[in-house]
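An overview of the molecular structure
What follows is the residue order along each chain.
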Amino acid sequence: MHIRKSRSFKLLAIAHAVSASLAFAQEDVETTSETSEEEMFEQIIVTATKRSQTLQEVPAAVTNVDGELLVDAGVSDIAGLQYIVPNLSLGDTFSFANLFSRGLGLNTSFGNVDPSVALYSDGAVIAQAGAQLFSFFDIQRVEVLRGPQGTLYGRNSTGGLINLITRKPTEEYTGNFDVKFGNFGSLEFEGGVGGSLIDGVLSGRIAAFSQTRDGFGRNVVTTNDVDDRNRQGFRAQLLWYPSDSTEVSFIAEYGRQNDASGGFSFQEVTFADPLNDNNPNNDNFTAPGLGGFANSGEPRDQASDVDPSNDRDTFSITNIIEWDVNANLSVKNTLNYRTFESTLIQDLDLSAVINSSVEFFFFESTQISEELQVTYEGDNYSIIGGLYYFDEEVDNILGFGITGSGANEGDPSLPGDGRRVFITGTGTTESIAAFWNVNYDVTDEFSVRAGGRFTEDERAIFDNDLFITVGPPDGRFQITPPGFEGSEKFSDYTNEFGADYQVNDDLLLYYTYSEGFKAGTQQISPPSVPSGFVEPEEITNHEAGIKATFNGGGLITNIAIFSYELDNLQLDRTIPGGPAGFTSEFVNATTLDGQGVEVEVLYRPSRNFTVNSSLAYLDTELGDFQTIDPLTLMDVNIGGNSGRQSPKLTFALSADYEIETENGGLVTLGGAISYKDEQFFSEFNTSRLSQDAYTIADARISYLLPNSDIEISLWGKNITDEEIVGGAFAISSGRSIGRTFLPPRTYGIGFKTSF
């Protein structure tokens, strides 16, 4: 009897199985009738640590997500990973991806600041948080590493990394197509085809996706949809074999989004009664949108004199050369060029009142990166060495006025724009690094690891100017002094040490000490306290883990325990006031300590029945820091508070059952629940900027037609229609709190085939 490739995890991955690292990789294992359960699990291979190892041999907390599973559940960007990867969360403010791993993430909504969690596509970093929100498609797998990374990957990161690995061209002609229809007028398509162009020499692949749907809310003023989706993307790849030992890849990618997503919905005014609340600090800060807020009773609705607009595109070219010099020595070079451009328009008084509060936010980045990596594999040791270069320029234009665009939006010195505030700024980064990593097998069971990284970043910021309209919109003058301008170099050497002990074939114990570094910088925001460049963030991290396999792979349990200390936390604070309507300050605030446990369990009592469960605990604590609370304008100490987007407890349970029909078809039933504890969207830990604990449930049923590669599925996500806040922000210029939401209940039918 032919045993099909395992299909048991297609629902579970997306239905919030936090133990995905155990189950997902199994999708890649081809089996025959002679393959035992134990042999099947032993063949699971991952490359997250730049070495080919089985998942249970990797001495690190790694999650490996199969791309086919992402397609099945319609996960189209990194936001969906937060229900799959332990202690990963994602918020979205001003179209910036606020990725957090184990409580470490990006603590500002302005440009020119590095994320703490790095995102890679085929080994090339996507540096800017705004670009990280772009949909991913035609994915072979996603590898997620938690904790500081720097001795194996080019760009430094203090919180972890996500590497998107796309489907590669093959010698055989292959293709895959997936179409989904759902409520809210949703239509999603993803597909790709590839094969040999010159036999044994050149192969190619093209892939594309499209996602469209109506809005989850509406603008009650214009009656148009808001929070809709209109995204498309295209990727072309060539894989060239100039010799038996050399492989050259060319990857070109373009993506575009143009819709009304990303805007805030009104939650409440910041100061309910500023003239009568016995707080003189807020007397001058009545919300300008009073009388015009949405009152439809639907929290996702917005009220604005202009419709929100989210227009962005990205283009990337990557060249990868891999050369096996001999049986022991290999060389790999990854060269990437990437551009990203984004224009966001929204009314920041969150109201139908017509005033000069409509935001026009233009952001553009151009980056070049190159990573040269040399690997040597000896009899009982391996050595990885690398050199890395990164260069980026980001440009920022931020304006506030009556409309979202003007006649001279590119030149604030010319009349006729119609804005009362015009802010510009440019930031540059040039980074060089050298890193190494050694793994030495002392005995067959005991290994030691060591690595290091030297990084030097030069940061510069200039043209950081603020213009205010004089009288009618027929001229401007520049505020003096302008925002901070200058340049500075930051360098550091970070270490990594570890050891692992293979007790037997089914039990691995490991320990890792690692350090991380995020360079100093200054955000592009002229109406700010001119405090100069902030100092780098530095982190020390300890992680110990157990990876255990029982019953030939029928039960797998992985446990990771971690503790870290971060110094010089880079933190933005924005409060009402000043000529622009808001004032921001980006500083080294304090320390952040974190500790936690991640337990992942896969139980498979039979070939057709699978149960996944996971439990993650996270405890973060900020050190003492006196600052002004933007919701009260009073001086407070945030010491003892937890970090942003750091729920203490997350839990997931999912089950999947396969039924072979008499006519040779296959029915798969699955369901899952996921729980997330309360989390805060600011360091002030106020309930006004938070999401309460919630539980969501997903379900899916699919039918694989007999003797066919065609699959039909019915699916439902968030089936109890929980109202979940994805991000909340105190809008200083609007004196109001805005929020974004995760999707409501969605459901539909899907069709998939491959050849």
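Before reading on, note that the structure itself is shown above.
Below you will find a few notes about this structure. As a convention, each chain's residues are numbered from 1 in the sequence order in which they are written. Two thresholds apply to this predicted model, a pLDDT of at least 70 for residue-level local features and 80 or more for giving and counting side-chain atom pairs, whereas whole-chain, interface and lining totals are computed over all residues. Side-chain measures were taken over the full set of non-hydrogen atoms in the model, leaving aside hydrogen atoms and water.

**Section: the environment of Ser245**
As for its placement among the helices and strands, Ser245 is situated in the loop between strand E16 (229–243) and strand E17 (246–259). Between the C-alpha atom of Ser245 and that of Val325, which follows or precedes it by 80 residues, the distance is 7.1 Å. Residues contacting Ser245, with those up to four places away along its chain left out, are Glu322, Trp323 and Asp324. What counts as a helix is a DSSP run of H or I of at least four residues, what counts as a strand is a run of E of at least two, and both are numbered from the N terminus. In this description, contact between two residues means that some pair of their heavy atoms is separated by no more than 4.5 Å.

**Topic: the pattern of salt bridges**
Whenever a carboxyl oxygen of Asp or Glu lies within 4 Å of a side-chain nitrogen of Lys or Arg, that contact is scored as a salt bridge. Under the counting rule described, the total for this entry stands at 24 salt bridges. Linking Asp619 and Lys648 is a salt bridge whose minimum nitrogen-to-oxygen distance equals 2.7 Å. Of the two residues, Asp619 is situated in strand E33 (residues 609–622) and Lys648 in the loop between strand E35 (635–637) and strand E36 (649–660); the sequence distance between them amounts to 29 residues. Residue Arg700 is joined to Glu711 by a salt bridge in which the shortest nitrogen-to-oxygen separation is 3.0 Å.

**Some points on a negative patch on the surface**
Like charges within 9 Å and nonpolar side chains (Val, Leu, Ile, Met, Phe, Trp, Tyr) within 5 Å are joined into patches, using only residues over 30% in relative accessible area that form no salt bridge. Shrake-Rupley sampling with a 1.4 Å probe provides the accessible areas, and residues are treated as covered by the protein chains on show and by no other component. Under this rule, positive means Lys or Arg and negative means Asp or Glu; His and the chain ends count for nothing. Note that the charge is assigned to NZ on lysines, CZ on arginines, CG on aspartates and CD on glutamates. Together, Glu488, Glu535, Glu538, Glu565, Asp567, Asp593 and Glu621 line one region of the surface with negative charge. Here Glu535 shows up in the loop between strand E27 (507–518) and strand E28 (537–550). Categorising residues by exposure relies on relative accessible area from a 1.4 Å probe, with only protein chains included: less than 20% of the type maximum marks a residue as buried, more than 50% marks it as exposed, and the intermediate range marks it as partly exposed. Given the relative accessible area of 39%, Glu535 is considered partly exposed.

**What to know about the pairing of E33**
Here, a strand pair is defined by DSSP locating no fewer than two bridges between the strands. Strand direction decides the pairing type here: strand E32 (residues 592–606) and E33, joined by 13 bridges, are antiparallel. Across the sheet, Glu600 pairs through a bridge with Ser614, a residue of E33. Between the antiparallel neighbours E32 and E33 lie 2 residues. Note: E33 against E36, 9 bridges, orientation antiparallel. Across the sheet, residue Ser614 finds its bridge partner in E36, namely Ala652.

**Let's talk about the sheet that holds strand E42 (residues 725–731)**
In spatial order, the strands read E18-E43-E42; together these 3 strands make up an open sheet with antiparallel pairing. Only two strands of the sheet have a single neighbouring strand rather than two, namely strand E18 (265–269) and E42. Across the sheet, the mean angle separating the axes of adjacent strands is 25° when strand polarity is ignored. Strand direction decides the pairing type here: E42 and strand E43 (residues 736–741), joined by 6 bridges, are antiparallel. Each bridged residue has a counterpart across the sheet, and for Gly727 the counterpart in E43 is Thr740. Angles here are taken between N-to-C directions and fall from 0 to 180 degrees, while the axes themselves are lines fitted to C-alpha atoms, restricted in helices to the stretch in contact.

**Structural notes on the environment of Val599**
Tracing the sequence through the fold places Val599 in strand E32. Sequence spacing of Val599 and Ile559 is 40 residues, and the spatial spacing of their C-alpha atoms is 4.6 Å. Val599 has contacts with Asn558, Ile559, Ser613, Ser614 and Leu615, leaving out every residue within four places of it along the chain.

**With respect to the packing of aromatic side chains**
Aromatic contacts are taken between Phe, Tyr and Trp rings whose centres are within 6.5 Å, Trp giving its six-membered ring; a plane angle under 30 degrees counts as stacked, one over 60 as edge-to-face, and the others as tilted. Inspection of the entire model under this criterion finds 15 aromatic pairs. Look at Phe110 and Phe582: their rings are 6.4 Å apart centre to centre, the planes differ by 20°, and that puts the pair in the stacked class. Separated by 472 residues along the polypeptide, Phe110 in the loop between strand E6 (104–105) and strand E7 (117–121) and Phe582 in strand E31 (residues 582–588) bring together distant segments of the chain. A residue is classified by how much of its surface remains accessible, and Phe110, at 15% relative accessible area, is buried. Consider the rings of Phe137 and Phe209, whose centres lie 4.8 Å apart with planes at 40°: the pair is tilted.

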